[in-house]
Structures are given as structure tokens and as C-alpha cells.
Amino acid sequence: MTVQPADGFSLAAEFPDPSHEQWQSLVEGVLRKSGKDVSGSAAEEALSTTVEDGLITRPLYTSRDDAPDAGLPGFAPFTRGSTPQGNAASGWGVRQRHTSTDPVRLNEALLGDLENGATSLWLTVGGSGGVPVTGLARALEGVHLDLAPLVLDAGDDLDAAATELLRLHEERGVPADAVRGGLGGDPLGQAARSGGEADLTSAVRWAKHCAAAFPGLRALTVDALPYHEAGGSAAQELGSSLATGVAYLRALTEAGLGVEDACAQLEFRYAATADQFLTIAKLRAARRLWARVAEVCGAPEAGAQRQHAVTSPVMMTRRDPWVNMLRTTLACLGAGVGGADAVTVLPFDHALGLPDAFARRIARNTSTILLEESHLARVIDPAGGSWYVERLTDELAEAAWAFFREIERDGGQAAALASGLVAERIAATWAARSKDLARRKEPITGVSEFPHLAERTVEREPVPSAVTRGGGLPVVRRDEAFEALRARSDAHLAATGARPRVFLAALGPAAAHTARASFAANLFQAGGIETVHDPVQVDASSAAAALRAAGTDVVCLCSSDALYAEHAGEVAEALAAAGARRVYLAGRPGAYAGVDAYVFAGCDVVSVLSSVLDRMGVA
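What counts, and at which threshold
- Residues numbered from 1 in each chain as written.
- Predicted model: local features only at pLDDT ≥ 70, side-chain atom pairs only at ≥ 80, totals over all residues.
- Heavy atoms only, no water.
- Disulfide = S-S within 2.5 Å.
- Buried < 20%, exposed > 50% of the residue type's maximum accessible area, 1.4 Å probe, protein only.
- 1 Å grid on protein atoms, 1.4 Å probe; cavity = no way out; pocket = protein on both sides within 12 Å on 5 of 7 lines; lining within 4 Å.
- Points joined across faces, edges and corners; volume = space filled by probe spheres on them.
- Helix = DSSP H or I, 4+ residues; strand = E, 2+ residues; numbered from the N terminus.
- Nonpolar A, V, L, I, M, F, W, Y, C, P; charged D, E, K, R; others polar.
- Pairing = 2+ DSSP bridges.
- Axes fitted to C-alpha atoms, helices over the stretch in contact; angles between N-to-C directions.
- Arc of directions from axis to C-beta.
- Contact = heavy atoms within 4.5 Å.
- Polar contact = N/O pair within 3.5 Å; in protein donor to acceptor, adjacent residues only side chain to side chain.
- Right-handed = clockwise from strand over helix to strand, strands pointing away.
- Phe/Tyr/Trp six-rings, centres within 6.5 Å; stacked < 30°, edge-to-face > 60°.
- Lys NZ or Arg CZ within 6 Å of the ring centre and 35° of its normal.
- Parallel < 35°, antiparallel > 145°, perpendicular 65-115°, else oblique.
- Left-handed = near helix turned anticlockwise from the far one by under 90°.

Student: Tell me about the state of the cysteines, and please be specific about residues and values.
Tutor: This structure, assessed with the given rule, holds zero disulfides. With no disulfide of its own, Cys-556 has Cys-558 as its nearest cysteine by sulfur position, at a separation of 4.2 Å. Residue Cys-556 is classed as buried on the basis of its relative accessible area, which comes to 0%.

If you want it as C-alpha cells, here you go:
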């Protein structure tokens, strides 16, 4: 039986309406218990977190957290979506990426993707890393070009690839007004990757041709991935894309296109990360910022940005790659909720080489599940109205606009790339983030946290050489410092038949030492160092025999502060006398005799692990 409330009756009527100040008072009480004597707004600030770009995430958002009016979906400033129905009409496009030099294998993969959920294709063409232009016809055999839009990534082979693609459309009888997709011209993105100069001549020529003859085909891609892959923040990614888009607008309008036609030739590509709220805010802020550019150019209705989101390559790990499935699911969720028009989910083995059929299937099905089973696209801008998301969108837009203006003051995107301004700012951001990664303030599951030393290596065919980048902005990954440590351990295992080891000397009962023993095991294993915790506990009399049985001369003491005060010194000295060359203690630094170094939450784990491997002679 369903009980309906009586007219005028509110289920919350008997509960008092709490004030912000009352909530702060409760926070003060909790903080006092943890030793922090703060009150009022300071109590709230104590629970706030400063993230990249100087943005601050607060513990509570209310109607007092103002943000500019986001408008309505499909209307300027397009924060809530580029079209009135958003993704609620048919969901976002599922765009599969393909990098293969073999037209026959590529054809099999393309047909398999299209038969199983992909709605558009992203192809690397030309050079030594993509399918040859002469093999494009074979690769696209059986592909209905009027139903499956193609987006090219042709680099220097833009002219030849675009010519061949349009020839195939004509040969197969696809009407000019039915041609969809993009030619992928992005000379500034190429310059960012290669370090060379950007030549916009060819891209501008194709944009004029598409505007005149193929209204549904976009010639240019404003690709923000080079800046994301170099370690840039969300604001730097947005600011760089904005500067690139403005540079293309200038070139296109100088070549004779109107602002509306010029805007229609651009598609913007952004990274989607496992930080789903930041991804949502980034895509919403990107639309708002581009709408502002269009407004300044005198064409506010042309500011509806076309967005292609790609799950972040930076977040993909080589160790425990299966966890990447979870990361890409969160990233895809953020991209979909954020209003991306098309989403590419990179396969979980992307960081290892060319993906296999299973990895591509999981990538496709990630979008399918979120669309068909989670129904994420049934609501327009589902995050809209959230005080947190609206405020984060506004703050991120302001930070991105500031970086965009800095680039413009330097002469525009091409000049800022040539002068090193963009590289310098991004390098500083990555350096700060690398410190957080090394200290595990930004954890990497399966790598810096909860590593699995016994996992079976996943091997894949290498990516064609031209797809890797060099000469311009660097390519970084969150796991790179820990991957280098694990590689040293792997080499040691291959050479000696065993991994480097650390003996965990636990003092006292399990209740006293388990937490820190688990912490120490997790920390050392992140560097590929095996931990030996046998016997379960030791004292000064048993430490020497336990060390000899462990087969190592590096030790970490694990216990409570109280037991450290009583026994750490004597056990450490007994271990040193038995041959221990290095004695660590899991806990904050103190004055314990015989202890050489300390490992604790917030320490530089990469530095510690590198030092341990050095002392063990692991090359």
C-alpha cells in the first residue's frame, strides 16, 4: 500500500531548517576533536582543498555560491548544451579511434566496431603511423560513408587524405550535403606536437572548400590533447584551445569566410579524466568561453561549440591496466554529462600498444552501457543547477580566460608556442603535480596504491612509430615515475630470479602493527620491492634470525608510537648488528637509535623507493 501525504503536508515539516552557521558550528566540534581549534569560516576553509589552477573545492555549496546565469540549452552562452535537446535526442556519438598501417586489418576492425555500437570513426591516415592514403579505399570497403561519419588525423598528409576521402564519397554516390565528419586539419596542434612552425594554408583552403561544397563536413579540429598530454591543467587546456580557435577564426575570416561559416568549420577536442566533476565543468566552461568569442566577433548565435571528448591518455597506466576500464568509465560519464557531442573511450590497453578486439569491445560498450542502461542521455544537462558544478564551471572559465589572455598578449597561439610560453607554463604545472604524485597525494590505484607484483604482464603490438611524438611538447603519464621503478625491479627479477626485498619487522601484537605494516607493504611494493612479513612479529632477541631468513639487509620497523618508544631502538640496533644495512621506520620522524630513515603518509615515495633500489644495487 502506498501512503500519500495529505494536501499541504510536508515530510520535512517537523524538522527545523538548519542555518549555515549551525553547520559550521558542528564542523568546529569535529575539528576540535582532531586538534584544530578554528571557528566560523576558518572551520570551513580547513576542510577545503586547493586543486590545480588555484581552484578551491569547498566542503559545502549552497545557494549563496553565485555563478552567472547558465541560460538554456541551445542558446547563448551554450553552457548547458549546444542544442536545445542536448544529448537527449540520441545520446552522444560513440567515436572509435583506429591507428593501423594495414588496410585489411583496419577494415576488419572498422566493420566490427560499426556493427557493435560505434557511430563514427577516427582514423590515423598517412605518414608511417597510419593507414596509407592509397589504402584508404580498401580500409573503408563495406563502410557506409553516409551513415558512419569519419574524422581524419592526417597530419602533413591532409591534402592527399582529404582528396581521397571525398573521392570515395563521390564514387559511392554520397550526396555532398550528406557528407559528415571532419578532415582533422590542425596545423597548430601539429606544431605543438612537433615543435615546428604552423602552416595554415592547406587547412584554410580545405575549410573554404567544405564551406562551399560540403556544409556538413568540418575541415579543422582544435585539438587540446597536446596540452593535456604535456601535463597541462584544465584551464591551460581550455585557454590553449581558445587561443587556437581564435587563430583559426582569424585565418578563415581573412581568407573570405564569414564568422558564422568559419565557426561551422571547427570541432573542438578535449580530454575527459576520471575526475568526473572537473570534466563536466570543463566541457561546460569550454562552450561558455567559445560563445563569448563568437559574441565578440559579432556572431553570438554561431558560438555553439561542437565537442569531441577523448578519455585521458595521461591517466592510463601500464601496470594493472584493467583498472583503466574503471577510469575510462568515469571519464565517459563526465564527458556525457558535460554535454560532449562525441566521445572516444580509449581501450584499457592503450598505454601498452595497439589494442586488441576485446579492448576495443569494452571501450565501445562503456558508452553503450551509460547510454542504454544508465540512461545518462535522457536528461538535458543533468548537472545543471548544482551549486558545486555551476560554481566550478564559472571558476574554471575565469582561470582559462586568464590563460587565454596571457597567450594573446604574447602574440597568439603560434607565437606562444614558438616563444616557449605555453611549454613553460605547462611544465610548471606538471612539476607541481609530479610532486603530488610522488607523495601519493594524488594516488594511482594499482600503481602507487595497492600494486600487484604478481600480476601477469599484458603485452600488445607496438604503436606505429609516427604516432609517438617528439620535438615539441612532451608526452607525460601519471604513472611514469613509478613505472621506472617497477621496470628496475623487473630487470632485477629477470637477471637474478628474485625481486628486491624488504623485511617488515613488526613489533607487538597485530592490533598494534597491522596498520603500519600494511602501509609499508603498499609503499615498497609500489616500487616493485617485495615485502617479507614472516615471522608476524619480532623483538630484540628474535630480530637477527628473522632478518637472515628474510634474505635481505633492508628492514622497516612497523608498530605503534607507544611500542616504538619502548622497543624501536633496541630492535633496530639488534638488526644492524645482524647485518641490516638500512633500517626504516613506518611513522613520523623521531629520535630512535639505530633507525636510518622514515616512511610516512605524505613522504616523497618515489625518492624513498629510488634510494632503496640504489642501496640494493638494482640498476
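Student: Which residues make up empty space enclosed by the protein, and what are the values?
Tutor: Under the criterion given, the structure shown has three cavities of 30 Å³ or more. Of the pockets and cavities examined, the largest cavity occupies roughly 60 Å³. Looking at the largest cavity, the residues that line it are Ala-67, Pro-68, Asp-69, Ala-70, Pro-77, Thr-79, Arg-288, Glu-390, Thr-393 and Asp-394. Of all the elements, helix H14 (residues 387-409) adds the most residues to the lining of the largest cavity, at three residues. Residues that form the lining of the largest cavity fall into these classes: four nonpolar, two polar and four charged.

Student: Which residues make up the sheet that holds strand E4 (residues 120-124), and what are the values?
Tutor: With parallel pairing, the eight strands of this closed barrel are ordered in space as E3-E4-E5-E6-E7-E8-E9-E10. Sheet twist, expressed as the mean angle between neighbouring strand axes with direction ignored, is 25 degrees. Across two bridges, strand E3 (residues 93-98) lies against strand E10 (residues 342-344) in parallel orientation. Within the sheet, the bridge partner assigned to Gly-93 lies in E10 and is Ala-342.

Student: Run through helix H21 (residues 605-615), naming residues and quoting values.
Tutor: Those residues of H21 lying buried are Val-605, Val-606, Val-608, Leu-609, Val-612 and Leu-613. Buried residues of H21 fall within an arc of 165 degrees about the axis and therefore sit on the same side. The secondary structure elements touched by the buried residues of H21 are helix H16 (421-438), helix H17 (480-496), strand E11 (501-506), helix H18 (510-525), strand E14 (582-586) and strand E15 (597-599). One side-chain oxygen at the N-terminal end of H21 lies 3.3 Å from the backbone nitrogen of Val-606; it belongs to Asp-604. Downstream of H21 by one or two residues, Gly-617 has phi in the positive range, about 75 degrees.

Student: Any chance you could break down the pairing of E3 for me, citing the residues and the numbers?
Tutor: Two faces, one strand: in a regular strand the side chains alternate between the faces of the sheet. Buried residues dominate E3, accounting for five of its six residues. For E3 and E4, the ladder comprises four bridges, and the chain directions are parallel. Its bridge partner being in E4, Arg-95 is matched across the sheet by Ser-120. Note that the unit made of E3, helix H3 (residues 103-115) and E4 has a crossover that is right-handed.

Student: An account of the environment of Leu-283 is needed here, citing residue identities and associated values.
Tutor: Within the secondary structure layout, Leu-283 lies in helix H11 (residues 276-296). On the accessibility criterion, Leu-283 (1% relative accessible area) is buried. On a C-alpha basis, the gap between Leu-283 and Ser-434 in space is 25 Å, while along the polypeptide they are 151 residues apart. Other than its neighbours up to four places away in sequence, Leu-283 contacts Tyr-270, Gln-307, Gly-334, Ala-335, Gly-338 and Ala-340.

Student: I'd like a description of the packing of aromatic side chains, backed by residues and values.
Tutor: Here the structure, examined in full by the defined rule, presents ten aromatic pairs. Aromatic pair Tyr-592 and Tyr-598: ring centres 6.5 Å apart, planes at 45 degrees, arrangement tilted. By way of ring pairs, the aromatic residues Tyr-61, Phe-277 and Tyr-388 are connected into one cluster. For the cation-ring pair, Arg-97 lies above Trp-122, with the distance from its terminal atom to the ring centre recorded as 5.1 Å.

Student: Describe the pairing of strand E5 (residues 150-153), naming the residues involved and giving the relevant values.
Tutor: Taken together, the four bridges between E4 and E5 define a ladder with parallel strand orientation. Each bridged residue has a counterpart across the sheet, and for Trp-122 the counterpart in E5 is Val-151. In this structure, E5 lies alongside strand E6 (residues 181-185), joined through two bridges in parallel fashion. Within the sheet, the bridge partner assigned to Val-151 lies in E6 and is Gly-182. With helix H5 (residues 158-171) bridging E5 and the parallel E6, this β-α-β connection has right-handed handedness.

Student: Now, about unusual backbone geometry: what can you tell me, with residues and values included?
Tutor: For the bond from Ala-76 to Pro-77, the omega torsion is 10 degrees, close enough to zero to count as cis. Mapped onto the secondary structure, Pro-77 falls in the loop between strand E2 (56-57) and E3. The step from Asp-534 to Pro-535 runs through a cis peptide bond, and the omega angle for that step is 10 degrees. In this fold, Pro-535 is placed in the loop between strand E12 (530-532) and helix H19 (543-550). Here Asp-53, not a glycine, exhibits a phi torsion of approximately 65 degrees, which is positive. Secondary-structure assignment places Asp-53 in the loop between strand E1 (49-50) and E2. At Asp-320, a position not held by glycine, the phi torsion is positive, near 45 degrees. Here Asp-320 is to be found in the loop between strand E9 (307-311) and helix H12 (323-338). Asp-320 sits in the buried class, given a relative accessible area of 17%.

Student: Can you lay out the sheet that holds E15 for me, pointing to particular residues and giving the numbers?
Tutor: Read across the sheet, five strands follow the order E12-E11-E13-E14-E15 without closing on themselves; strand pairing throughout is parallel. The strands lining the two open edges of the sheet, one partner per strand, are E12 and E15. Recorded for the sheet is a direction-independent mean angle of 30 degrees between the axes of neighbouring strands. In terms of strand pairing, E11 meets strand E13 (residues 554-558) through four bridges, oriented parallel. In the strand pairing of E13, Leu-504 is matched with Cys-556. Together, E11, E12, E13, E14 and E15 form the strand contacts of H18, whose direction differs from that of E13 by roughly 145 degrees. Here H21 sits on the sheet in contact with E11, E14 and E15, set at roughly 155 degrees to E14.

Student: For the packing of H5 against helix H7 (residues 201-213), give the residues involved together with the corresponding values.
Tutor: Where H5 contacts H7, the axes come no closer than 10 Å and their chain directions differ by 20 degrees. Compared by their axis directions, H5 and H7 come out roughly parallel. Crossing of H5 over H7 shows right-handed handedness. Contacts between H5 and H7 pair Leu-158, Asp-159, Ala-162, Thr-163 and Leu-166 from the former with Ser-202, Ala-203, Arg-205, Trp-206 and His-209 from the latter.

Student: Give me the lowdown on the side chain of Thr-79, citing residues and values where you can.
Tutor: Topologically, Thr-79 is positioned in the loop between E2 and E3. For Thr-79, a relative accessible area of 4% gives the class buried. The residues touching Thr-79, leaving out its near neighbours within four places in the chain, are Ala-70, Arg-284, Arg-287, Arg-288 and Thr-393.

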